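Notes for the structure review
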Amino acid sequence: KAGVTQTPRYLIKTRGQQVTLSCSPISGHRSVSWYQQTPGQGLQFLFEYFSETQRNKGNFPGRFSGRQFSNSRSEMNVSTLELGDSALYLCASSQLGEYEQYFGPGTRLTVT
Amino acid sequence: DQQVKQNSPSLSVQEGRISILNCDYTNSMFDYFLWYKKYPAEGPTFLISISSIKDKNEDGRFTVFLNKSAKHLSLHIVPSQPGDSAVYFCAAATGGSQGNLIFGKGTKLSVKP
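Keep in mind that this is a model prediction, so the values were computed, not measured.

What follows covers the overall build of chain A. Each helix and strand in chain A was counted, giving zero helices and 11 strands. Starting at the N terminus, the α and β elements of chain A follow one another as β-β-β-β-β-β-β-β-β-β-β. Its C-alpha atoms give chain A a radius of gyration of 13 Å, near enough to 13 Å, the size a compact globule of 112 residues would have. When its C-alpha atoms are laid out on the principal axes, chain A stretches across 35 × 25 × 25 Å. Each of the 112 residues in chain A was classed as buried or not, and the buried ones make up 51%. Contacts in chain A between residues at least 24 apart in sequence constitute 53% of all its contacts with a sequence separation of at least 6. Between the centroid of the 11 positive side chains of chain A and the centroid of its 7 negative side chains there is a distance of 6 Å.

Right, here's the structure in full:
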């Protein structure tokens, strides 16, 4: 089975721009979660989607949004980028109701 | 406040010896705990997990121990191998929020040949 894939792997954006990141879950996994990893804060939960619906949301501003498509693929969007948004963004997929999540390689976002 | 804490940022162990990584938590509602390993430039890899109704779970060289009264869990790696050198994250979740894992900040394990 193919693992979780994320595109792009690296991205450089300018402050004030917006960005869209993409995630394809493991085949058969319908739950997708997103995390932000920074050196100071570690891994922090952004949101979780299942059946195109957001099930849980972390403590991030409204500039961070996401969505899920009928094929379980997911995107996250960050608008009005700030320098502090520079981070590794990780997507993880799981079976609904299962705790074990399987992570993609991440998208490294740099905001200048 | 941090609900999951890994108080040792780093740990160095000799090859063949035991590695013990520790994790403390504050939320008594957590009912499932997981350990992940992360290499640079890769996403975290699931290692082993334990439900709060158990106190031990083994998988090959990896054993996780849970002490609910102390709100403490540990990961034992025996014997340690140089390929085990990575950052290890402890994570926890509550029922109904399985998609929301709360992570510790990680412990960097170095296994020296």
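There is more to say, and it comes next.
Time to look at the interface of chain B and chain A. Tallying the contact residues gives 23 residues for chain B and 22 residues for chain A. Between chain B and chain A, the buried area comes to about 1800 Å², and carbon and sulfur atoms account for 55% of it. Of all residues in chain B, B:Q98, B:G99 and B:F103 bury the most surface against chain A, accounting for 29% of the area lost on that side. Seen at the junction of chain B and chain A, the total is zero salt bridges. Counting across the chain B and chain A interface gives 10 residue pairs in polar contact (both at pLDDT 80 or more). Those elements giving two or more residues to the side of chain B that touches chain A turn out to be β4 (32–38), β5 (45–51) and β9 (86–93) of chain B. At four residues, the largest contribution of residues to the side of chain B that touches chain A is made by β4(B). Residue composition of the side of chain B that touches chain A, by class: 10 nonpolar, nine polar and four charged.

It is a general feature of regular strands that their side chains alternate between the two faces of the sheet. Residues and elements named next belong to chain B. When you tally the buried positions in strand β8 (residues 72–77), you get five out of six residues, the bulk of the element. Relative to β8, strand β3 (residues 19–25) runs antiparallel, the two being bridged by six bridges. Bridge pairing in β8 places S19 opposite I77. Here strand β7 (residues 62–67) runs beside β8; their pairing, made up of six bridges, is antiparallel. Across the sheet, residue F62 finds its bridge partner in β8, namely I77.

Looking now at the sheet that holds β3(B). Residue and element names in this part refer to chain B. Strand order across the open sheet formed by five strands is β1-β3-β8-β7-β6, with antiparallel pairing between neighbours. The sheet is open, and its two edges are formed by β1 (4–5) and β6 (56–59), each paired on a single side. Bridge count between β6 and β7: four bridges; the pairing is antiparallel. The partner of K56 across the bridge, within β7, is F65.

Right, let's get into the state of the cysteines. Enumeration according to the criterion identifies two disulfides over all chains in this entry. Two residues, A:C23 and A:C91, share a disulfide whose sulfurs are 1.8 Å apart. Residues A:C23 and A:C91 are joined by a disulfide whose S-S torsion is about -55°; by sign, that bridge is left-handed. Placement of the pair is A:C23 in strand β3 (residues 19–24) and A:C91 in strand β9 (residues 87–94), with a sequence separation of 68 residues. On the accessibility criterion, A:C23 (0% relative accessible area) is buried. Among the residues examined, A:C91 registers a relative accessible area of 0% and is labelled buried. The disulfide that involves B:C23 links it to B:C90, with 2.0 Å between the sulfurs. Looking along the S-S bond of the B:C23-B:C90 disulfide, the torsion reads about -70°, which is the left-handed sense. Taken together, the positions of B:C23 in strand β3 and B:C90 in strand β9 put the pair 67 residues apart, joining distant regions of the chain. Judged by relative accessible area, which is 1%, B:C23 ranks as buried.

Rules used throughout
Residues numbered from 1 in each chain as written. Chains lettered and ligands numbered in written order. Predicted model: local features only at pLDDT ≥ 70, side-chain atom pairs only at ≥ 80, totals over all residues. Heavy atoms only, no water. Helix = DSSP H or I, 4+ residues; strand = E, 2+ residues; numbered from the N terminus. Rg over C-alpha atoms; globule rule 2.2 N^0.38 Å. Buried < 20%, exposed > 50% of the residue type's maximum accessible area, 1.4 Å probe, protein only. Contact = heavy atoms within 4.5 Å. Lys, Arg positive; Asp, Glu negative; His and termini not counted. Charge placed at Lys NZ, Arg CZ, Asp CG, Glu CD. Buried area = accessible area lost by both parts, 1.4 Å probe. Salt bridge = Lys/Arg side-chain N within 4 Å of Asp/Glu carboxyl O. Polar contact = N/O pair within 3.5 Å; in protein donor to acceptor, adjacent residues only side chain to side chain. Nonpolar A, V, L, I, M, F, W, Y, C, P; charged D, E, K, R; others polar. Pairing = 2+ DSSP bridges. Disulfide = S-S within 2.5 Å.

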